Amino acid sequence: EVRASHSAGASKVQVNEIFALAFMHSGPSGFREVYDQAFDYMESYSDPQTEMKWPDGWEPDPDAFRSGLDFDNVDFGAGEVELLEAWYADTIGYTPQSVQFLIKQNPRFMKAHRAKFEAALKTGGLPKQIVPYILIHYNMNRGFREGIREAALLGKAWGMSKGHIVDAVTLGTGYMAGIDGVYIAQEAIGDLLDRWE
């Protein structure tokens, strides 16, 4: 995949941003495989002659990820829960139950996870839209309805087209989900796609 990314024109910064996103979901055990397979190659990785081509409107925007939380403090400070909830309300329209649960039951973990999310694309190598695109694909592979919906709503808020969302769903069928994975996508976002303008 790293070599394919190089062939497609991905810079070293862009590949490392993908690794940052991947680490959030695979942790140390998953990243051991990345280290075994790609570390030596990444040491000598040189930016390709041509740059990756992105759809119109897909641009880096590190500020889009920022909620306003103070990550120098491991605990939520005064008003910070409201800041996080406002970020979700402004992007997908609601605070996911997973976030609500962690704010209440393990707020330090929630804040640490959010810090990783906000820093993953901070170097500005990748367009912000790649995050919902990847999360749709990832959640298709896992069969997670809520994750597909949250990612699609984030993508819509960040300017992805209906076609981009459908492409991400379709890509998910080709890796692990298979065509049967479309059942969960229909449950998750069928109504959203039907109303998409």
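Just above sits the structure.
For every chain, the first residue of the written sequence is number 1, and numbering continues from 1 along that sequence. Only residues with pLDDT of at least 70 get local features here, since the model is predicted, and only at 80 or more are side-chain atom pairs given and counted; chain-wide, interface and lining totals rely on the full set of residues. Each side-chain value is worked out from all heavy atoms of the structure, with water and hydrogens disregarded.

Caption draft 1: Up close: the nonpolar core. Here the nonpolar core consists of buried residues drawn from Ala, Val, Leu, Ile, Met, Phe, Trp, Tyr and Cys, with membership extended through side-chain atoms lying within 4.5 Å. The cut-offs for exposure are 20% and 50% of the maximum accessible area for each residue type, with area from a 1.4 Å probe on protein chains only; residues under the lower value are buried, those over the upper are exposed, and the others partly exposed. Within the largest apolar cluster, 43 residues are counted, with the highest numbers of intra-cluster contacts made by Leu 84, Leu 121, Val 131, Ile 136, Met 140, Ile 165 and Ile 189. For the purposes of this entry, the term helix denotes a DSSP run of H or I that reaches at least four residues, the term strand denotes a run of E that reaches at least two, and both are numbered from the N terminus. For this core, the secondary structure elements donating two or more residues are α2 (12-43), α3 (80-91), α4 (97-105), α5 (107-119), α6 (130-142), α7 (145-157), α8 (162-177) and α9 (181-195). By definition in these notes, contact holds between two residues if any of their heavy atoms fall within 4.5 Å. Every residue in contact with Leu 84, bar those within four places of it in the chain, is listed here: Ser 67, Leu 69, Phe 76, Val 99, Ile 103, Met 110 and Arg 114. Counting residues in each nonpolar core, the second largest holds eight residues, with Phe 19, Phe 31, Met 42 and Tyr 45 among its members.

Caption draft 2: Representation of the side chain of Glu 80. Looking at where Glu 80 falls in the secondary structure, it is placed in helix α3. By relative accessible area, which is 6% here, Glu 80 ends up buried. Within the local environment of Glu 80, its side chain forms a polar contact with the backbone nitrogen of Asp 70, the two atoms lying 2.6 Å apart. Here a polar contact is taken to be a pair of N or O atoms separated by no more than 3.5 Å, where protein atoms must pair a possible hydrogen donor with a possible acceptor and residues adjacent in sequence count only if both atoms sit in side chains. Of the polar contacts made by the side chain of Glu 80, one reaches the backbone nitrogen of Gly 77; its length is 2.7 Å. Excluding anything up to four places from it in sequence, Glu 80 contacts Gly 68, Leu 69, Asp 70, Asp 75 and Lys 111.

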